[in-house]
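Spelled out from the first residue to the last, the chains are:
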Amino acid sequence: MLADKNILIGVTGGIAAYKVVEVASRLKKSGANVRVMMTKNATEFVSPRTFQEITGNAVSVEMFGDAANFHVAHIALADFADAILIAPATANFLAKMAHGICDDLLTTTVLACDKKIIVAPSMNTKMFDNPATQSNLQILRERGVKILEPATGELACGTTGKGRLPEPVEICAAVEKIFTDKILSGKKILVTAGGTVEAIDPVRYIGNRSSGRMGCEIAKTAADSGAQVTLIAGKIEVEPPKNLTVIRVESATQMREEVLKIFDSVDAVIMSAAVADFRVKNPAAQKIKKSDEMTLELVKNPDILRELGTLKQNQILIGFAAETQNVLEYAKKKLAEKNLDFIVANDVTAEGAGFSVPTNIASIIWRDGTVESFPKMKKSALAEKIIERVANLSGDRKISTVNDA
Ligand code: C5P
């Protein structure tokens, strides 16, 4: 189930730390590559050597213990992890995590990690029920952290109540589940990708630098999340994903036609294509011969997204704003003009962002003016952020597939 997955287990200082030895062992047996990071207090309960023997990997504890590997330790493990499991998670650790405090290796790694995080709180019942802990858990929940409910039973402090670490087999099942969760199951999603091609004559065209990478990653992530996906792709430099319907188009006019055919039946449209704003008024039927000068007359293309914005019923509409200056300002304007739910904005001239590269640096802007700014990340990771947000929005909306039935 977990073949090739990199799991980082963060062990904090609770008596239940001993149970996590079995968690590490089970995850390893499921095929995962497991690394363990411990807080100093955790090492009072279980020796790092135990985890080292079980996982076959060195265990990290100290932030400054090994000067030569400082960078490796706190950033590389955040990058390494496909998911982080914090078990047991003490009240102290949850409080620090909720408020962005990073005063040791584990808290720093968690803060530097933008992947899936699961926490398994384990503590005395009164500590768990305390409004401070509950409000910290709520903060984490709202940020997308998966919280495992503690079990009820006899506690190490001699009392009985809620606060026990769930059984290792349950914790491992929860870790597997986050990789298989189908947050968009039952939804139909339309994604556009790539650049449109506007013919000048049968040989030449007007195009743009879009590679289609971002759109293909979004389509793939949506399909992996259980959605029924149609990808309408213009000119792309990558192979379209396999587990979805692909419709190839060339011009903006063709893209509009294909989009409008299915718009009524989808739950969300993610319009990541770079649609040309102009097309040649009268494309030549034969190849244009050389001459000293040539003038092309261009006419305005339909703005597909703007049209969808006027037609939309319950559909979620997501747009992109690829800009070279005043990114947020232009993006906010488009969000309003095109009647979108949110817009993904990026400066295509920034290093590590924009066309052809596998990374992007983007912000998501919401209708209420909220801006979420993301650091440089892989386009696949940004696709996950976008799909998570579409899934959250679609939870409240009409499901088109119900109507279709
Ligand atoms: O107005 P601008 O082209 O900058 O807006 C970008 C957004 O609008 C993108 O999501 C793009 O896919 C969409 N768009 C469109 N039709 C056009 C131009 C852009 O749907 N003709």
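The structure under discussion appears in the preceding block.
What counts and how
Residues numbered from 1 in each chain as written. Predicted model: local features only at pLDDT ≥ 70, side-chain atom pairs only at ≥ 80, totals over all residues. Heavy atoms only, no water. Near = heavy atom within 4 Å. Polar contact = N/O pair within 3.5 Å; in protein donor to acceptor, adjacent residues only side chain to side chain. Areas by Shrake-Rupley, 256 points an atom, 1.4 Å probe, with all protein chains shown as cover. Nonpolar A, V, L, I, M, F, W, Y, C, P; charged D, E, K, R; others polar. Pairing = 2+ DSSP bridges. Helix = DSSP H or I, 4+ residues; strand = E, 2+ residues; numbered from the N terminus. Axes fitted to C-alpha atoms, helices over the stretch in contact; angles between N-to-C directions. Parallel < 35°, antiparallel > 145°, perpendicular 65-115°, else oblique. Left-handed = near helix turned anticlockwise from the far one by under 90°. Contact = heavy atoms within 4.5 Å. Core = buried A, V, L, I, M, F, W, Y, C linked by side-chain atoms within 4.5 Å. Buried < 20%, exposed > 50% of the residue type's maximum accessible area, 1.4 Å probe, protein only. Salt bridge = Lys/Arg side-chain N within 4 Å of Asp/Glu carboxyl O. Expected span 1.5 Å × (residues − 1).

## Quick notes on the site of the ligand
Close to the ligand lie 13 residues, the nearest being Met271, Ala273, Pro302, Lys334 and Lys338. Contact distances for the ligand include 2.6 Å between an oxygen atom and a backbone N or O atom of Ala273. Pro302 places a main-chain nitrogen or oxygen 2.8 Å from a nitrogen atom of the ligand. Burial of the ligand by the protein chains amounts to 86% of its free accessible area of 440 Å². Considering only residue class, the shell around the ligand consists of 8 nonpolar, 1 polar and 4 charged.

## A closer look at the sheet that holds strand β8 (residues 188-193)
Within a beta sheet, neighbouring strands are joined by backbone hydrogen bonds and run either parallel or antiparallel to one another. Read from one edge of the open sheet, 8 strands run β12-β11-β8-β13-β16-β17-β19-β20, paired in mixed fashion. In the strand order of this sheet, the two ends are held by β12 (245-248) and β20 (371-373), each with one partner. With direction set aside, neighbouring strand axes in the sheet form an average angle of 15°. Sheet topology note: the strand β17 (residues 342-347)/strand β19 (residues 362-366) ladder contains 5 bridges and is antiparallel. Looking across to β19, one finds that Phe342 is bridged to Trp366.

## Section: the packing of helix α1 (residues 19-29) against helix α8 (residues 168-180)
α8 packs onto α1 with a crossing angle of 45° between their chain directions and a minimal axis gap of 9 Å. The angle between α1 and α8 falls in the class oblique. Viewed along their axes, α1 and α8 form a crossing whose handedness is right-handed. The residues of α8 that touch α1, namely those facing Lys19, Glu22, Val23, Arg26 and Leu27, are Pro168, Val169, Ile171, Cys172 and Val175. Considered class by class, the residues forming the contact of α1 with α8 number 7 nonpolar, no polar and 3 charged.

## Structural notes on the nonpolar core
Ile189, Ile218, Val229, Ile270, Phe342, Ile386 and Val390 are the most contacted members of the largest nonpolar core, which totals 35 residues. Contributions of two or more residues to this core are made by β8, α9 (213-224), β11 (228-233), β13 (268-271), β16 (316-323), β17, β19 and α13 (379-394). Top element by residues in this core is α13. It accounts for 7 residues. Those residues within four positions of Ile189 in sequence are excluded, and the remaining contacts are Leu184, Ala227, Gln228, Val229, Thr230, Ala268, Ile270 and Val390. Counting residues in each nonpolar core, the second largest holds 32 residues, with Ala16, Ala32, Ala174 and Ile178 among its members.

## Some details on the pattern of salt bridges
Within the structure shown, the criterion is met by 21 salt bridges. With its nearest N and O atoms 2.4 Å apart, the salt bridge here joins Lys162 to Glu149. Residue Lys162 is found in strand β7 (residues 160-164), and its partner Glu149 is found in the loop between β5 (146-147) and β6 (151-154); the two are separated by 13 residues along the sequence. Since its relative accessible area comes to 45%, Glu149 is described here as partly exposed. Among the ionic pairs, Arg389 bridges to Glu388, the shortest N-O distance being 3.8 Å. Relative accessible area serves as the criterion here: at 14%, Arg389 is assigned to the buried category. With relative accessibility at 33%, the residue Glu388 sits in the partly exposed group.

## Comments concerning α9
Helix length check: α9, at 12 residues, gives a terminal C-alpha distance of 16 Å against a target of 16 Å (1.5 Å per residue), a fit within 8%. Within α9 the residues assigned to the buried category are Met214, Gly215, Cys216, Ile218, Ala219, Thr221, Ala222 and Ala223. In the stretch just after α9, Gly226 is the one whose phi turns positive, near 100°.

## Topic: the environment of Gly352
Assignment of secondary structure puts Gly352 in the loop between β17 and β18 (359-360). Placed 118 residues apart in sequence, Gly352 and Gly234 show a C-alpha to C-alpha distance of 23 Å. Once residues lying within four places of it in the same chain are set aside, the contact partners of Gly352 are Val357, Thr359, Asn360, Ile361 and Lys376.

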